[in-house]
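Remarks on the overall topology
The primary structure of each chain is shown beneath.
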Amino acid sequence: MNILWLKTELLHPIDKGGKIRTYHMLRELKAEHHVTYLAIDDGTAAPDAEMQAAEYCHDLISIPHRQKEKFTPGFYFDLAFNLISPLPYAVKKYSSTKMREAIETVVRQRKFDVVVCDFLAPAVNVPENLPCRTVLFQHNVEAMIWKRHYEVQTNPAKKAYLYGQWRKMRRFERKACRRFDCVIAVSPEDGVTIQNEYGLSKVFDVPTGVDTDFFRPARERLPQPNSLVFTGSMDWLPNEDAIRYFTEQIMPLVRQSVPDVKLTVVGRNPFPGLIELSRHEPSIIVTGRVDDVRPYMENAAAYIVPLRIGGGTRLKIYEAMAMEKPIISTSVGAEGLPVTGGVELLLADTSESFAKSVVEVLANKTLARQLGQKAAETVRENFGWRRVAGSFTAICEHAVNSLIEPATKSAPEGRVRPAVE
């Protein structure tokens, strides 16, 4: 197949779940198909991100696009101005006339079998009536995330704002999903939600994968007693909420039984409140972005996923499973993954039960070892990236071969440059 892949970022550095999933998927697809990667470059990519794009695509089209940095006056102005926009802020900030024009240009130049819109946000720039099949790759049900943000928020002003964002996201997501020839979700649960919420019939799902060769214990050190770790991009609101929830409501309960418990939070762009907390509380260590999360995971006695908000599936859980870590998660954190509480991990949905599970794992090394070994066995047998990419390819080929030919739309001339080898 000749694939045009649309995204709102270059992939390097590969430092968050969505990038990890896309990177490994495209590496597998590139081996058998021709991939053109068209993405917005917001200035946050690694200096050599365009050079490294050759790892996952044959041709690269990069569109400059600047956004306001978080927590700046301009950022808050855009949030306020979004009150009068019909689009949710998380989509509006990616609206780009240049990206739309680039899509039209390259589709006119080349005969693509399928256009893949990776995540919901790029859909705001996808022209109508493209002359090829179109697939929306939904890593999350975005409206579900914003609904959960609204539901857990206690500040009245923020709650009202989040309610508006949820309603806007739901309207946009419903309209966008119905524009594409088919939608691919990352779990059967998300697929059913999309079908039921948006009235779609052509919805498929692919499992989440993990690099089981990369995520494997080095066994060079023993875990530190009573140490916990959380990994994830800290500029993603569900992760921020998870750490606020754990440090404010769960960790004090754990300390009653384990006074010397420590938590290491590993991930890019930690929010200011967390940095300030770590300065005054020695038991909370904040690393920011790191090149390799594995040493931090291997150093910990247990891995926590205290998410209350989210959608899709959490790559972080599969990574921790492959590293043989005992995991304590909420049901939301493990949502969409074929794992069983009490077998591959422990599930707990109240602050009291979560704290109790953490204490149990820290105190019972036999339990911790059994959970870690079973988790690793499950993920290594079933969830390598090659199998996941094969499922994705089969769905795209089904879309290409089984749907009615769409109408052709003319587009201006343009050019594509190859990814640097």
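Residues numbered from 1 in each chain as written. Predicted model: local features only at pLDDT ≥ 70, side-chain atom pairs only at ≥ 80, totals over all residues. Heavy atoms only, no water.

Moving on: the confidence of the model for the chain. In regions of low pLDDT, the predicted coordinates are not meant to be interpreted in detail. Across the chain, pLDDT averages 90, with 95% of residues at or above 70. Of the regions scoring below 50 in pLDDT, residues 404-418 engages in 42 contacts with residues more than four places distant in sequence or in other chains. (pLDDT = per-residue confidence, 0-100. Contact = heavy atoms within 4.5 Å.)

A few words on the packing of aromatic side chains. By the definition in use, this model includes 14 aromatic pairs. Here Phe-137 and Phe-392 contribute two aromatic rings whose centre-to-centre distance is 4.9 Å and whose plane-to-plane angle is 65°, an arrangement assigned as edge-to-face. Pair noted here: Phe-137 is in strand 5 (residues 133-138) and Phe-392 is in helix 15 (residues 385-402), with a separation of 255 residues, a long-range link. Of the two residues, Phe-137 and Phe-392, neither departs from the other in class, the shared state being buried. (Phe/Tyr/Trp six-rings, centres within 6.5 Å; stacked < 30°, edge-to-face > 60°. Helix = DSSP H or I, 4+ residues; strand = E, 2+ residues; numbered from the N terminus. Buried < 20%, exposed > 50% of the residue type's maximum accessible area, 1.4 Å probe, protein only.)

Glancing now at the packing of helix 7 (residues 156-179) against helix 8 (residues 188-198). Where helix 7 meets helix 8, the closest approach of the two axes is 10 Å, and the angle between their N-to-C directions is 100°. As far as their axial angle goes, helix 8 and helix 7 are roughly perpendicular. For the pair helix 7 and helix 8, contact is made by Arg-170, Glu-173, Arg-174, Cys-177 and Arg-178 and by Ile-194, Glu-197 and Tyr-198, respectively. Along the lines of polarity and charge, the residues of the contact of helix 7 with helix 8 split into 3 nonpolar, no polar and 5 charged. (Axes fitted to C-alpha atoms, helices over the stretch in contact; angles between N-to-C directions. Parallel < 35°, antiparallel > 145°, perpendicular 65-115°, else oblique. Nonpolar A, V, L, I, M, F, W, Y, C, P; charged D, E, K, R; others polar.)

To continue, consider the environment of Cys-177. Mapped onto the elements, Cys-177 comes out in helix 7. Classification of Cys-177 by relative accessible area gives buried; the value is 1%.

Going through the model one piece at a time under the given rule, you end up with 0 disulfides. Lacking any disulfide linkage, Cys-177 is separated from the closest cysteine sulfur, that of Cys-117, by 9.8 Å. Considering cysteine sulfurs only, Cys-396 is the nearest to Cys-182, which forms no disulfide, with 6.6 Å between them. Overall, the relative accessible area of 2% leaves Cys-182 in the buried class. (Disulfide = S-S within 2.5 Å.)

It is worth spelling out helix 5 (residues 97-109) at this point. The end-to-end C-alpha distance of helix 5, which contains 13 residues, comes to 19 Å, matching closely the 18 Å that a straight helix rising 1.5 Å per residue would cover. Taken residue by residue, helix 5 has Met-99, Ala-102, Ile-103, Glu-104, Thr-105, Val-106 and Val-107 as its buried positions. (Expected span 1.5 Å × (residues − 1).)

Another point: the pattern of salt bridges. Using the criterion set out here, one finds 21 salt bridges in the structure. Across the pair Lys-16 and Glu-9 runs a salt bridge whose closest N-O atoms are separated by 3.1 Å. When salt bridges with common partners are traced through the structure, they connect Asp-15, Lys-19, Asp-235, Arg-268, Arg-289 and Asp-291 into a single cluster. (Salt bridge = Lys/Arg side-chain N within 4 Å of Asp/Glu carboxyl O.)

Let us look at the environment of Pro-270. With respect to the element layout, Pro-270 can be found in the loop between strand 9 (262-266) and helix 10 (272-280). As a C-alpha pair, Pro-270 and Glu-240 span 30 residues in sequence and 8.1 Å in three-dimensional space. Setting aside anything within four residues of it in sequence, one finds Pro-270 in contact with Met-234, Ile-275, Val-286 and Gly-288.

The omega torsion across His-12 and Pro-13 is 5°, close enough to zero to call that bond cis. Relative to the helices and strands, Pro-13 resides in the loop between strand 1 (2-7) and helix 1 (17-30). In the Ramachandran plot, Asn-269 falls in the positive-phi region, its phi being about 50° despite a non-glycine side chain. Along the chain, Asn-269 turns up in the loop between strand 9 and helix 10.

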